[in-house]
Amino acid sequence: MLVFLWVAEIVLALLYLGLGVMRLVQPYDKLVRVLRWPADYPAWAVKLIGLAEILGALGLIIPAAADVAPVLTPVAACALAVMMAGAVVVHLRRRERQRVALPCILLAVNVFIAIGRFGPYPG
């Protein structure tokens, strides 16, 4: 089970790191063209989401790997799960039902990590 947690954490961390960097580096206009949902939010909010994703990605790996404050790993997973729940709501409000699957999957994997790290495999 511990191997599954580590694999899930690494995969999610890489995904969130890539998404976060993309949101920070790409111009706002390009993000609006490609993703569409940023049109509903100011540029600074989209950049802040990108920063939160990067910090969440680091929080999934560093605390557990370094064994320094390992409780931060499930906390990061919970925070990312809340972000994904928000993403589901945004896509449903925009009637983008075809874009709801990925945030739902990411939410479920974040919950899996949080339960595993808060529970029997804390570090």
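Look up a bit, the structure's there.
What counts as what
Residues numbered from 1 in each chain as written. Predicted model: local features only at pLDDT ≥ 70, side-chain atom pairs only at ≥ 80, totals over all residues. Heavy atoms only, no water. Axes fitted to C-alpha atoms, helices over the stretch in contact; angles between N-to-C directions. Helix = DSSP H or I, 4+ residues; strand = E, 2+ residues; numbered from the N terminus. Parallel < 35°, antiparallel > 145°, perpendicular 65-115°, else oblique. Left-handed = near helix turned anticlockwise from the far one by under 90°. Contact = heavy atoms within 4.5 Å. Nonpolar A, V, L, I, M, F, W, Y, C, P; charged D, E, K, R; others polar. Expected span 1.5 Å × (residues − 1). Buried < 20%, exposed > 50% of the residue type's maximum accessible area, 1.4 Å probe, protein only.

Engineer: Is there a simple way to think about the packing of helix α1 (residues 2–25) against helix α5 (residues 101–118) in this case?
Structural biologist: Any two packed helices are characterised by how steeply their axes cross, that is the angle between the axes, and by the distance between the axes. It is the contact of α1 with α5, at a shortest axis distance of 10 Å, that shows an interaxial angle of 135°. Comparing the axis directions of α1 and α5 gives the class oblique. In the packing of α1 onto α5, the handedness of the crossing is left-handed. Side by side, α1 and α5 meet where Leu2, Phe4, Leu5, Trp6, Ala8, Glu9, Leu12, Leu15 and Tyr16 of the first sit next to Leu106, Val109, Asn110, Phe112, Ile113, Gly116 and Arg117 of the second. Residues of the contact of α1 with α5, tallied by class, amount to 12 nonpolar, 2 polar and 2 charged.

Engineer: Teacher, can you tell me more about helix α3 (residues 43–66) here?
Structural biologist: Because each turn of an α-helix spans 3.6 residues, side chains separated by three or four positions end up pointing in the same direction. If you check α3, its first and last C-alpha atoms are 34 Å apart, about what 24 residues at 1.5 Å a residue would give, namely 34 Å. Of all the positions in α3, only Ala45, Val46, Gly50, Glu53, Ile54, Gly56, Ala57, Gly59, Leu60, Pro63 and Ala64 are classed as buried.

Engineer: Would you explain unusual backbone geometry in this entry?
Structural biologist: Residues other than glycine predominantly adopt negative phi, and peptide bonds predominantly adopt the trans conformation. You will see that Asp67, though not glycine, has its phi angle at about 55°, which is positive. Along the chain, the position of Asp67 falls in the loop between α3 and α4 (72–93). Even without a glycine there, the phi angle at Ala69 is positive, about 50°. Relative to the helices and strands, Ala69 is located in the loop between α3 and α4.

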